[in-house]
Amino acid sequence: MKRKLLIVTAIFAAVIILISALFSLSDNAADPDDARAEELIALNEISRLTETDPHQAKEKTDALDKKIRAEESRRGGAGREWVFCGAGLVFLACVMGYTYVAVLRPFEKMKDYAAEIAKGNFDLPLDYARSNYFGQFTWAFDSMRREITKARANEREAVENNKTVIATLSHDIKTPIASIRAYAEGLEARMDSSPERRARYLSVIMRKCDEVARLTDDLFLHSLSDLDKLKINAEPLEICSFVGEAIEELAAQQDDIFFIPPSFSAYVNADRNRLLQIIENLVNNARKYAKSRIDVSLSRENGTVCLKIRDYGGGIPDEDMPFIFDKFYRGKNRGSEQGSGLGLYIVRYLAEKMGGCVTLRNHTSGLEAVVSLPEEK
């Protein structure tokens, strides 16, 4: 396109130069020798009239003078055609330059940009000025690019959320299944030495079966409606007694948890099932990686109720701390233990959905996980 503009400019310039040359040649077409001869004849006539009729000679002299001046003026203006020719060329260059800058160059930029979009490069921004002739068009084109980029990002996020929720639910299903197996093994080993103990074992197994059923329902609903988040059904909950019951169940599986009931009662707005998942995930992580005594306690701090679960293992390396809550991240202290790297991610996600937060603190010996939930007044 630039080449075509140069060709058109050259053609117009040639036409201007040709017209100027024709005007110049027409002005110089008269023979200067003929003009000189006419002047000599007029001078001879004036010299004769001076002797016979001075008045008429004066008139002839004035007429000849005017004629000579007009001729000189015409000859002096013979170069004006080339002045106008130069001005025309400058004007032509300005018009063509403006056309290129204001029209052709933005159009070429749009053509190159469209080629990049066709290749799938939607992250390339389009700089535009609304003052040019393509301003509105480029604005609309760039808006389309942003919408396509946004749609693709939403699609990727939906796919990622789908994977995360499925992995989360799959991970949480393992915990109650492990409890069911532990209690079933206890029944098989004849550990239910009394009717009360047997009834408690069977009660825990049934509750864990119900928990597995709820989790599988979540998974089923997610697969049906493509939910991108787990549902949280929060309700007022007396957390002290709830934690006591949860720890009692976990302690029945393995005698390594110590819980001292607090001297106060406190209510939080939480989902019973999700809070139970948080406690089980933290306790099972401590059992898997610390393999030590586990202390569980509750305290009040600045309008929140803090659930603290502490082990006495090796803790988490400092370099892993910034990433330990990320999906699928596993710290260097995992050793040979198998895992998906979702436990702490699930704990933080559920706590935040209930308006709380989770922090981890390394001690001289062991790790303390603190789940803080706002206290209901």
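1. Considering the packing of aromatic side chains
Within the structure shown, the criterion is met by one aromatic pair. Relative to Y349, the ring of Y345 has its centre 6.4 Å away and its plane inclined at 20°; by these criteria the two rings are stacked. With a gap of four residues between them, Y345 and Y349 both fall in helix α9 (residues 343-353), about one helical turn apart. Overall, the relative accessible area of 17% leaves Y345 in the buried class. Exposure remark for Y349: the relative accessible area of 17% places this residue in the buried category. Geometry around F258 places R293 over its ring, the cationic atom sitting 4.4 Å from the centre.

2. Some remarks on α9
Summarising burial for α9: eight of the eleven residues are buried, a large majority. Regarding α9, the residues found buried are G343, L344, Y345, I346, V347, Y349, L350 and A351. Where α9 ends, the next residue or the one after it, G355, has phi of about 85°, a positive value.

3. What to know about the nonpolar core
In summary, soluble globular proteins display a tendency toward joint burial of nonpolar side chains. Residues I239, V243, I278, I279 and V296 are the most contacted members of the largest nonpolar core, which totals 45 residues. One finds Y183, L187, I205 and V212 within the second-largest nonpolar core, a separate group that totals eleven residues.

4. Some points on the pattern of salt bridges
Pairs can form between side chains of opposite charge once their charged atoms are near each other. Enumeration over the complete set of coordinates arrives at nine salt bridges. Put simply, D295 and R293 hold a salt bridge, and the shortest N to O gap is 2.7 Å. What makes R293 partly exposed here is its relative accessible area of 45%. Between E368 and R361 there is a salt bridge, with the nearest N and O atoms lying 3.6 Å from each other. Its relative accessible area of 36% is what places R361 among the partly exposed residues.

5. Quick look at unusual backbone geometry
In this model, K291 sits at a positive phi of 50°, which is unusual for a non-glycine residue. With respect to the helices, strands and loops of the structure, K291 is situated in the loop between α8 (272-290) and β4 (294-301).

6. Some details on α8
Over its 19 residues, α8 runs 26 Å from end to end, which matches the ideal 27 Å to within 8%, given 1.5 Å per residue. At the exit of α8 stands K291, carrying a positive phi of roughly 50°.

7. A short note on the pairing of strand β6 (residues 357-362)
Bridge count between β6 and strand β7 (residues 367-376): six bridges; the pairing is antiparallel. Within β7, the residue paired with T359 across the bridge is V370. Linking β6 to β7, which pair antiparallel, is a turn of four residues; within it G366 sits at a positive phi near 100°.

8. A short note on the environment of M206
Within the secondary structure, M206 is located in helix α6 (residues 195-225). Residue M206 is classed as exposed on the basis of its relative accessible area of 54%. Once the C-alpha coordinates of M206 and I180 are considered, the two residues, 26 residues apart in sequence, prove to be 8.4 Å apart.

9. Notes on the confidence of the model for the chain
Across the chain, the average pLDDT comes to 75, with 63% of residues at 70 or higher. In the predicted structure, residues 224-228 sits below a pLDDT of 50 and forms seven contacts with residues beyond four places in sequence or in another chain.

10. What about a nonpolar patch on the surface?
A contiguous nonpolar surface patch, about 330 Å² in accessible area, is contributed by I7, I11, V15 and I19. Relative to the assigned elements, I7 resides in helix α1 (residues 2-27).

11. A short note on the state of the cysteines
Under the defined criterion, the tally for this structure stands at zero disulfides. Sulfur of C306: no disulfide; nearest cysteine sulfur belongs to C357 and is 7.8 Å away. In this structure C357 comes out as partly exposed when scored by relative accessible area, which is 36%.

12. Considering the side chain of D295
Take D295: it is sitting in strand β4. Of note is the side chain of D295, whose polar atom sits 2.6 Å from the side chain of Y312. Look past the residues within four positions of D295 in its chain and what remains in contact with it is F258, K308, I309, R310 and Y312.

Quick notes on the rules
- Residues numbered from 1 in each chain as written.
- Predicted model: local features only at pLDDT ≥ 70, side-chain atom pairs only at ≥ 80, totals over all residues.
- Heavy atoms only, no water.
- Phe/Tyr/Trp six-rings, centres within 6.5 Å; stacked < 30°, edge-to-face > 60°.
- Helix = DSSP H or I, 4+ residues; strand = E, 2+ residues; numbered from the N terminus.
- Buried < 20%, exposed > 50% of the residue type's maximum accessible area, 1.4 Å probe, protein only.
- Lys NZ or Arg CZ within 6 Å of the ring centre and 35° of its normal.
- Core = buried A, V, L, I, M, F, W, Y, C linked by side-chain atoms within 4.5 Å.
- Salt bridge = Lys/Arg side-chain N within 4 Å of Asp/Glu carboxyl O.
- Expected span 1.5 Å × (residues − 1).
- Pairing = 2+ DSSP bridges.
- pLDDT = per-residue confidence, 0-100.
- Contact = heavy atoms within 4.5 Å.
- Patch = residues over 30% accessible without salt bridge, like charges linked within 9 Å, V, L, I, M, F, W, Y side chains within 5 Å.
- Areas by Shrake-Rupley, 256 points an atom, 1.4 Å probe, with all protein chains shown as cover.
- Disulfide = S-S within 2.5 Å.
- Polar contact = N/O pair within 3.5 Å; in protein donor to acceptor, adjacent residues only side chain to side chain.

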